[in-house]
Amino acid sequence: MTVIDKPAGMTSHDVVNQLRRRFGEKRIGHAGTLDPGATGVLVVCVGNATRLMRFLSGADKSYVGEIVLGSTTTTLDNEGETTATFDMSAITAADVTTAAGQLTGDIVQVPPMVSALKVDGRRLHELAREGIEIERDARPVSVSRFEIAPTPDPLVYIATVDCSTGTYIRTLADDLGRLLGGGAHLRHLRRTRVGRFTLADALALEDATLLPVETAVQHLARVDVDAPTVALVGHGRVLRAPAGDGPWALFSPEGELIAVYERFGERDAKPVVVLSAA
């Protein structure tokens, strides 16, 4: 796997295609889409690590971006066309902070039409490009942090967000504008964290290097097993559950990641990914 600081102007799929050529590996996927205009942390799994994607794609994420009050757009960010303007000159920083508080915690969001979400086999942004808009069900998300800081421009605020996977920051910006009695849109979005991976871990695309496969599950509880257990794991056997709730990353006596197990019943654990019979 590798962690990329995605540049603006590229889709996440573009990044994957470049890395596929760079590493000569067809099995590549990313753990969470970033819009073309957004930058920041993009976790990419390569080869065997793609089988561990499920343990990364659901990770909480952090973002920083600018929320511009006074106008809405077709895409909810500065990439779209302006749909309406509002006089929000009387809005204060205290007003914005209070409104952001109403969008913190467990909330529901309606996914934007420009998202990569699939409905009946079609991605919403594909439908949007065809001028089609469909009803979308509101989805529960969790926003643990939505901090607002003013800038020299009284209509522009820096937003810092920690949230669950599936949260749309552009929708947060749009909802914030509506709560303030007008409208708003997002610009200059940057993802600063995916799970335990931060910008400090991210490399420029041209400098990408592969990390050990076990990096993908470094946040899971580690269990070192003996040689007889390695043989059982290689046959996909159910084992007595280690301490804790799991999932557990199992390592051979040689230090090789061989499997990930999850709880099965009250006392046992079953394999969800077996990487090696070692």
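Residues numbered from 1 in each chain as written. Predicted model: local features only at pLDDT ≥ 70, side-chain atom pairs only at ≥ 80, totals over all residues. Heavy atoms only, no water.

**Section: the pairing of strand β12 (residues 184-194)**
Judged from the two bridges that link them, strand β3 (residues 39-46) and β12 form a sheet pairing that is parallel. Opposite Thr39, over in β12, you have Arg190 as the bridge partner. Here strand β4 (residues 61-69) runs beside β12; their pairing, made up of eight bridges, is antiparallel. Residue pairing for β12: Tyr63 is matched across the bridge by Arg191. Bridge analysis of β12 against strand β13 (residues 197-198) gives two bridges, and the strand direction is antiparallel. Directly across from Arg193, in β13, lies its bridge partner Thr198. Where β12 hands over to β13, the hairpin turn is made up of two residues, of which Gly195 adopts a positive phi near 60°. (Pairing = 2+ DSSP bridges. Helix = DSSP H or I, 4+ residues; strand = E, 2+ residues; numbered from the N terminus.)

**Remarks on the nonpolar core**
Within the largest apolar cluster, 28 residues are counted, with the highest numbers of intra-cluster contacts made by Ile67, Leu69, Phe146, Ile148 and Leu176. At the level of elements, β4, α3 (93-102), β10 (139-150), β11 (156-163), α5 (169-179) and β12 are the ones that each hand at least two residues to this core. Setting aside chain neighbours within four positions, we find Phe146 in contact with Ile67, Ala100, Leu103, Thr104, Ala159, Thr160, Val161, Leu172 and Leu176. Of all hydrophobic cores here, the second largest spans 24 residues; its members include Leu52, Met53, Val273 and Leu275. (Core = buried A, V, L, I, M, F, W, Y, C linked by side-chain atoms within 4.5 Å. Buried < 20%, exposed > 50% of the residue type's maximum accessible area, 1.4 Å probe, protein only. Contact = heavy atoms within 4.5 Å.)

**Some thoughts on the side chain of Ser71**
Residue position: Ser71 is located in strand β5 (residues 71-73). Of the residues examined, Ser71 reaches a relative accessible area of 12% and is grouped as buried. Here the side chain of Ser71 touches His185 through a polar contact of 3.1 Å, side chain to side chain. (Polar contact = N/O pair within 3.5 Å; in protein donor to acceptor, adjacent residues only side chain to side chain.)

**Some details on the sheet that holds strand β18 (residues 268-274)**
Backbone hydrogen bonds hold the strands of a sheet together, and the pairing may be parallel or antiparallel. An order of β14-β16-β17-β18-β15 is seen for the five strands of this open sheet, with the pairing classed as mixed. Two strands in the sheet have a free side with no partner beyond their single neighbour: β14 (221-224) and β15 (239-240). Two elements, β15 and β18, share two bridges in a ladder whose sense is antiparallel. Across the sheet, residue Arg240 finds its bridge partner in β18, namely Asp268. Across the sheet, helix α6 (residues 227-234) is in contact with β15, β16 (248-251), β17 (257-264) and β18; its angle to β17 comes to roughly 75°. (Axes fitted to C-alpha atoms, helices over the stretch in contact; angles between N-to-C directions.)

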